[in-house]
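What the coordinates show
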Amino acid sequence: MLKKFFGRKNEPLKNKVEFCVSNEAFAHPDVYNVLEQREDVIVEDAGCNSYCEICDCHYYALVNGEPVAADSAKELLEKIEEALKLNSVQ
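Residues numbered from 1 in each chain as written. Predicted model: local features only at pLDDT ≥ 70, side-chain atom pairs only at ≥ 80, totals over all residues. Heavy atoms only, no water.

**Comments concerning the pairing of strand 4 (residues 66-70)**
In regular strands, side chains alternate between the two faces of the sheet. As a reminder, the rule being used: For two strands to count as paired, DSSP must find a minimum of two bridges between them. Each helix corresponds to a stretch of at least 4 residues labelled H or I by DSSP, and each strand to a stretch of at least 2 residues labelled E; elements are numbered beginning at the N terminus.
Judged from the five bridges that link them, strand 3 (residues 59-63) and strand 4 form a sheet pairing that is antiparallel. Across the sheet, the residue bridging to Tyr 59 is Ala 70, located in strand 4. Counting the residues that bridge the hairpin from strand 3 to strand 4 gives two residues, and of these Asn 64 lies at a positive phi of roughly 50 degrees.

**Brief notes about the sheet that holds strand 1 (residues 15-20)**
Put simply, the rule is: Inter-axis angles, ranging from 0 to 180 degrees, are taken between N-to-C directions of lines fitted to C-alpha atoms, where helices are fitted over the stretch in contact. We call two residues in contact whenever any of their non-hydrogen atoms come within 4.5 Å of each other.
Across the sheet, which stays open at both edges, the four strands sit in the order 2-1-3-4 with mixed pairing between neighbours. The sheet terminates laterally at strand 2 (41-46) and strand 4, the two strands that pair on one side only. The mean inter-strand angle of the sheet, taken between neighbouring strand axes irrespective of direction, is 30 degrees. Against the sheet, helix 5 (residues 73-86) makes contact with strand 1, strand 2, strand 3 and strand 4, and its axis sits at roughly 150 degrees relative to strand 4, the strand it touches most.

**Describing the nonpolar core**
Under the convention used in this document: Put simply, a nonpolar core is a bunch of buried Ala, Val, Leu, Ile, Met, Phe, Trp, Tyr and Cys residues held in one set by side-chain atoms that sit within 4.5 Å of each other. Relative accessibility thresholds used throughout: buried, under 20% of the residue-type maximum; exposed, over 50%; partly exposed, between the two (1.4 Å probe, protein chains only).
Ranked by size, the top nonpolar core spans 19 residues in total, and within it Val 17, Phe 19, Val 31, Leu 35, Val 63, Leu 76 and Ile 80 carry the most contacts. If you list the elements that add at least two residues to this core, you get strand 1, helix 3 (32-36), strand 2, strand 3, strand 4 and helix 5. Per-element accounting of this core gives the leading share, six residues, to helix 5. If we ignore the near neighbours within four places in the chain, the residues touching Leu 35 are Val 17, Phe 19, Val 41, Val 43, Leu 77 and Ile 80. Cys 20, Ile 54, Cys 55 and Leu 62 belong to the second-largest nonpolar core, a separate cluster that totals five residues.

**Topic: the environment of Ile 54**
Mapped onto the elements of the fold, Ile 54 is located in helix 4 (residues 52-55). For the pair Ile 54 and Asn 23, spaced 31 residues apart in sequence, the C-alpha separation works out to 9.4 Å. Apart from the residues lying within four places of it in its own chain, the contact partners of Ile 54 are Tyr 60, Pro 67 and Ala 69.

**Comments concerning the packing of aromatic side chains**
Note the threshold: Stacked, tilted and edge-to-face are the three classes applied to pairs of Phe, Tyr and Trp rings, where Trp contributes its six-membered ring and a pair requires centres within 6.5 Å; stacked means planes under 30 degrees apart, edge-to-face means over 60, and tilted covers the rest.
Considering all chains together, one arrives at three aromatic pairs under this definition. Ring geometry for Phe 26 against Tyr 32: centres 5.6 Å apart, planes inclined by 80 degrees, an arrangement best described as edge-to-face. In this structure Phe 26 comes out as partly exposed when scored by relative accessible area, which is 25%. With relative accessibility at 12%, the residue Tyr 32 sits in the buried group. Where Tyr 51 meets Tyr 60, the ring centres are 6.1 Å apart and the plane angle is 55 degrees; that geometry is what we call tilted. Classification of Tyr 51 as partly exposed rests on a relative accessible area of 25%. On the basis of relative accessibility, which here comes to 1%, the residue Tyr 60 falls in the buried class.

Shown next, in the form of structure tokens:
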């Protein structure tokens, strides 16, 4: 019975990308929708992530807990994909 609760699951780990609902990147289809289609990424909407100084001025997201910021949606998507390559949980 303990193995049932504490045993390893067969599901692979996935990267996590979080968007603050107040940031422009949250509603931008070039970023949000593209990431939702990836099988290795879980996309989450969050309230305030306490990165207000970045959020006010840039598109940004948290990639596996680390902030990634850019001046445009296209640039943000490129930086997120680069961060996923460098710091993947897999």
